[in-house]
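# Residue-level structural notes
Now for the letters of each chain:
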Amino acid sequence: MSRLLPPLLLLGLWLPAVTPAHLVIPEDSGLKALSDTGGRILKKRSSPDVGASDIDVYSVKVDCKVTSRFAHNVITSRAVNRGNVSHEVLFDMELPKTAFITNFSMVIDGVTYLGQVKEKEQAKQQYQQAVSQGQTAGLVKASGRKMEKFSVSVNIAASSKVTFQLTYEELLQRHMGQYEMMIRVRPKQLLQHFEIVVDVFEPQGIAFLNAHGTFISNELLPLVEKTVSENTAHVSFSPTMEKQRSCVGCPSTLIDGDFFITYDVKRERDAGEIQIMNGYFVHHFAPSDLPRVRKNVVFVIDESGSMYGTKMRQTREALDAILSEIHMDDYFALLVFDHGFRTWRPSLSPATPKNIAEAKEFVKGINARGATNINQAVLESVRMLEQDKAAGQLPDHSVSIIILLTDGEPVSGETNPERIRENVLNAIGGNMTLYCLGFGYDVKLAFLEKMAAENNGVARRIYEDSDAAIQLQGFYNEVANPLLSDIELQYPENAVDSLTDNTFKQLYNGSEIVVAGHISDNDLDNFLVEVKAQGAVQELQLQAQASVQDSQKAFRNQCYIFGEFTERLWAYLTIQQLLRKRGSGSPEERANKTARALELSLKYSFVTPLTSMVVTKPPKDNRDDLMLADKLTEDQRVPPPPVQQSFAYRYSSLPPVSSVDSDPHFIVQPPNQNDTLCFNIDESPGVIFNLVRDPQTGTVVNGQTIADKHLDPSGRVGTYFWRFGIVSQSLGLRLDVSTQGIELLHGQSRLELSWDESLTLKQTNFDLQMDKERSLTVSLKDSVKFVVILHKVWSKHPTHRDYLGFYTLDSHLLSPATHGLLGQFYHGLSFQVSELRSGETSDKPDATMLVKGQHLTVTRGWQKDFHTDVKNGEEVACWFVHNNGTGLIDGTHQDYIVSGIFKTS
């Protein structure tokens, strides 16, 4: 059963932007917006704070009405421009990502500007037309893990008033035994009128209701008024301006934080609660006092290279804690995977103390390595469950679930997401539930969402943060205690239609099932509901009956509850389910689901991923000015990962790139010259050369050559670099980079990486960036930045084989003592070229070069640099130094031969 995190209501109040003294910098402009820790947009000031006091926000009201868990929220803010010139005012608030905006309006000088919900493409075209005419638009932006920020600015004339009103609706989800609403209030100023009002009507009866705030002091606590009766509750909070002050006479406000409403309803061990109104019904089902059902769980854990570091450590911590919480009646297994997989044991084991202890020891040995083969890992977990069930090793009436944790895309084995989904769907066959956890920003959650939805589960993003381990534990706690399995809710045959999902694989403790539909029989009065499910011991059958007349009368008596709630709840739930399912099925089925979700979104004015709200603001220069509000998908919500460099990588004027590539061709670009030198090294295959050695920083790079498979037609054996050893003695780091893969040794940690995967590793002292089958970028703290290029050759090529190129992007922090075939040129080289003359061919003239006190004959030619274009390379003009670089390099090339790939002296 799909369950979401508790809903949130977040309010970022008025922040006046004053024109012309102040400039609000849009987040999507080319300029950089500044923000403080409170989330305020800071204005870029061109002069002192002239005019800011002219904007007076005198009223803010948050009005929430909840009927049978369906919340209707209206936020109203009023301001006046007391100045004698016009000023720009910004309305900025945050709302839960699970909510649908239904209305937005602005009233300016008695003129109302109302939002219209339109099909997304139509709205986009209207918006783009406005943008092309030089007009501006406000947008909905992702904000944190659970919220979306709605922002709009408007210019109001002197002595004018403006009223903003935003409305949104959502179905509150039961999470760990309660419903929660969070209202974030951060006005950053004193308000003449500030009020939060919450009304709740729950016909089932209110078991408890609490109201509290992070900013509520002992002085403010008496102002939180709460009245709770059998099935209604009223909460209000309205401090005076004096009560809002942080201290007597202070201009700052105490109102800065989160205001919470938490509650639950009374429950019996019956078929649940049914509400009927205006031809629609909603059925809530979450019976109490049921024994838990035993479960069989396989944890499928990604240990590919991209999990290296903090993510892998947090995963081990979470697994250790989760193993401690597994109920002793349950069975479990651990499967970890990269391009292959390995299991703790070949079968599931009972959660005895001895087995838990041994499993924890296995978890300690999980380390990141290799590529990502999701297909093979999930199919193996299914096979384990089926094998054990067929052998009678799992408890009767138990439920089987798979929890997949991955941070990347499938890059090994079967990599086509559509085929992986098809394989998993066919393997599971509706017999178990798959939950997918996407770790971090790189994972494409849409793929995991579709795969989970097709197999009775849900997908969730685990945010790459300090609390990632807690997030993982929190998800497990949600599914730790199943109460029922194979649930089916049945309604009067031929009397209802347009039913939302009414079959569910599991019901977990602390959650709730919600079903809604349309009553097609106008003469129906007695509404019979039957629930069938498998319990811990036996099959469960429950019945309930509701009177259509009595139910409608009960709701009409609650005059403060918004009308038509059952129909709007049905539409909300139907749209949410269609959006979740529209990625599955045949092309025709997908199109039909999308079309139906769009139809309902437009009919009920919901801003969904298929629609946008267009608001026409007061015209500028006799032209309409538009705002466009969108609903983001989960993948659209997540911003590019913040730059989490743990060290400040200092750049000066970067020196030109020096490199070695191909057969092997060295290209040297001394930082103090505007010309390039190049030379080749011819030596027997298998020889290891020192390329870079800095005795002060302990940075060393060695490279080993390999020969072609056969002689070329001229009888020459081509040699290439196929392996590089990169050492940082000060950081305790070794990298073994070859055409076959990468091995990282850092302290006691060892990590194997595959060229088949793209990943980013950011550590305290170094960063690695892998581009699949293309390149590896290595950045070492206060030292150097290298790129290794992988050249893939057709495996059946008669002569050539895969090889590597090595490029130095930044070396200015290496010491002047740096040496090696490349390192000796990092800090400059003096040379002069003269006596240009004809060479052996007309396009390659010869010349005389004076370098290191010697006169050398050099030839003008071209070499290829591949570090920006791996496939084609870029031609670089250079002076070619003959005879293995003799006269250019110190000594001879044989002086640079070392005995080992990590040899440092």
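Residues numbered from 1 in each chain as written. Predicted model: local features only at pLDDT ≥ 70, side-chain atom pairs only at ≥ 80, totals over all residues. Heavy atoms only, no water.

### Points about the state of the cysteines
Going through the model one piece at a time under the given rule, you end up with two disulfides. Sulfur-sulfur distance for the disulfide between Cys247 and Cys250 comes to 1.4 Å. Here Cys250 falls in the buried class, since its relative accessible area comes to 16%. Residue pairing for Cys678: its cysteine sulfur links by disulfide to Cys878, the two sulfurs lying 2.1 Å apart. Taking the torsion about the S-S bond as the criterion, the Cys678 to Cys878 disulfide, at about 70°, is right-handed. In this pair, Cys678 is assigned in strand 40 (residues 677-680) and Cys878 in strand 55 (residues 874-881), connecting sequence segments 200 residues apart. (Disulfide = S-S within 2.5 Å. Buried < 20%, exposed > 50% of the residue type's maximum accessible area, 1.4 Å probe, protein only. Helix = DSSP H or I, 4+ residues; strand = E, 2+ residues; numbered from the N terminus.)

### Digging into the side chain of Glu273
Position of Glu273 among the secondary structure elements: in strand 21 (residues 273-277). For Glu273, the side chain forms a polar contact with the side chain of Arg69, separated by 2.8 Å. A distance of 2.2 Å separates the side chain of Glu273 from the side chain of Gln275, its partner in a polar contact. If near-sequence neighbours (up to four positions away) are discounted, Glu273 is found in contact with Ser68, Arg69, Pro203, Gln204, Val282, His283 and His284. (Polar contact = N/O pair within 3.5 Å; in protein donor to acceptor, adjacent residues only side chain to side chain. Contact = heavy atoms within 4.5 Å.)

### Things to note about the sheet that holds strand 30 (residues 482-490)
The strand order across the open sheet built from four strands is 32-30-34-35, with neighbouring strands paired in antiparallel fashion. Each having just a single partner strand, strand 32 (503-508) and strand 35 (539-547) make up the two edges of the open sheet. When strand polarity is set aside, the average angle formed by the axes of neighbouring strands in this sheet is 30°. Where strand 34 (residues 526-534) and strand 35 come together, nine bridges link them in antiparallel fashion. Looking at the pairing, Asn526 lines up with Ser547 of strand 35. (Pairing = 2+ DSSP bridges. Axes fitted to C-alpha atoms, helices over the stretch in contact; angles between N-to-C directions.)

### Things to note about the nonpolar core
Phe299, Ile403, Leu691 and Phe806 are the most contacted members of the largest nonpolar core, which totals 92 residues. With sequence-adjacent residues up to four places away left out, Ile403 is seen in contact with Val297, Val298, Phe299, Val300, Tyr435, Leu437, Phe475, Tyr476 and Val479. With 58 residues, the next largest nonpolar core counts Ile196, Val200, Ile261 and Val607 among its residues. (Core = buried A, V, L, I, M, F, W, Y, C linked by side-chain atoms within 4.5 Å.)

### Thoughts on the environment of Ile688
By secondary structure assignment, the location of Ile688 is in strand 41 (residues 688-694). Owing to a relative accessible area of 9%, Ile688 belongs among the buried residues under this scheme. Contact partners of Ile688, with chain neighbours within four places excluded, come to Asn702, Gly703, Gln704, Tyr896, Ile897, Val898, Ser899, Gly900 and Ile901.

### Here we look at the packing of helix 3 (residues 310-325) against helix 4 (residues 353-364)
Two elements in contact, helix 3 and helix 4, have axes separated by 10 Å at closest approach and are oriented at 175°. Judged by the angle between their axes, helix 3 and helix 4 are roughly antiparallel. Contact residues: helix 3 offers Arg316, Leu319, Asp320, Leu323 and Ser324, while helix 4 offers Ile356, Ala359, Lys360, Val363 and Lys364. Each residue belonging to the contact of helix 3 with helix 4 can be placed in one class, and the counts come to five nonpolar, one polar and four charged. (Parallel < 35°, antiparallel > 145°, perpendicular 65-115°, else oblique. Nonpolar A, V, L, I, M, F, W, Y, C, P; charged D, E, K, R; others polar.)

### A look at the packing of aromatic side chains
Applying the stated criterion across every chain, the model contains 30 aromatic pairs. Aromatic rings pair up to connect Phe70, Phe100, Tyr280, Trp570, Tyr572, Tyr604 and Phe606 into one cluster. One cation-aromatic arrangement involves Lys311 over Phe439; the distance from NZ or CZ to the ring centre is 6.0 Å. (Phe/Tyr/Trp six-rings, centres within 6.5 Å; stacked < 30°, edge-to-face > 60°. Lys NZ or Arg CZ within 6 Å of the ring centre and 35° of its normal.)

### Some thoughts on the side chain of Asp63
Inspection of the secondary structure assignment puts Asp63 in strand 7 (residues 55-67). Discounting chain neighbours no more than four positions away, the residues touching Asp63 are His72, Asn73, Val74 and Val197.

### Description of helix 10 (residues 565-581)
Between its terminal C-alpha atoms helix 10 stretches 24 Å, which fits the 24 Å expected from 17 residues at 1.5 Å a residue. Burial analysis of helix 10 places 14 of its 17 residues in the buried class, which makes it a mostly covered element. (Expected span 1.5 Å × (residues − 1).)

### A short note on helix 4
Taking 1.5 Å per residue as the helical rise, helix 4 with its 12 residues ought to reach 16 Å, and the 17 Å between its terminal C-alpha atoms agrees with that figure. Buried within helix 4 we find Asn355, Ile356, Ala359, Lys360, Phe362 and Val363. Projected down its long axis, helix 4 shows its buried positions confined to an angular sector of 155°, all on one face. Among the exposed residues of helix 4, those pointing more than 90 degrees away from its buried face are Pro353, Lys354, Glu361 and Lys364. Elements that come into contact with the buried residues of helix 4 comprise helix 3, strand 24 (331-337), strand 25 (341-343) and strand 26 (349-350). (Arc of directions from axis to C-beta.)

### Some words on the confidence of the model for the chain
Detailed reading of the predicted model is not advised wherever pLDDT is low. Confidence in the prediction for the chain averages 84 pLDDT; 87% of positions are at 70 or higher. The model gives residues 134-138 a pLDDT under 50, and that stretch makes 17 contacts with residues more than four places away or in other chains. (pLDDT = per-residue confidence, 0-100.)

### Quick notes on the pattern of salt bridges
All told, the structure shown has 40 salt bridges when counted by the stated rule. One salt bridge in this structure joins Arg460 and Glu478, with 2.7 Å as the shortest N-O distance. Note that Arg460 is positioned in strand 29 (residues 459-462) and Glu478 in helix 8 (residues 468-479), a separation of 18 residues in sequence. For Arg460, a relative accessible area of 14% gives the class buried. With its nearest N and O atoms 3.7 Å apart, the salt bridge here joins Arg580 to Asp501. With a gap of 79 residues between them, Arg580 in helix 10 and Asp501 in the loop between strand 31 (496-497) and strand 32 connect regions that are remote in the sequence. Judged by relative accessible area, which is 18%, Asp501 ranks as buried. Put simply, Arg69, Arg174, Glu202, Asp264, Arg267, Glu273 and Glu512 are held in one network by salt bridges that share partners. (Salt bridge = Lys/Arg side-chain N within 4 Å of Asp/Glu carboxyl O.)

### With respect to the pairing of strand 46 (residues 749-753)
Summarising the sheet, strand 45 (residues 741-746) and strand 46 pair through five bridges and their orientation is antiparallel. Looking across to strand 46, one finds that Leu744 is bridged to Leu751. What sits between the antiparallel neighbours strand 45 and strand 46 is a turn of two residues, in which Gly747 has the positive phi angle 60°.

### Focus: the environment of Leu610
Examined against the element boundaries, Leu610 turns out to sit in the loop between helix 11 (587-603) and strand 36 (611-620). Overall, Leu610 belongs to the buried group, its relative accessible area being 10%. Once the C-alpha coordinates of Leu610 and Ala597 are considered, the two residues, 13 residues apart in sequence, prove to be 7.8 Å apart. Aside from chain neighbours lying at most four places away, what touches Leu610 is Glu119, Lys120, Leu579, Arg582, Thr594, Ala597 and Leu598.

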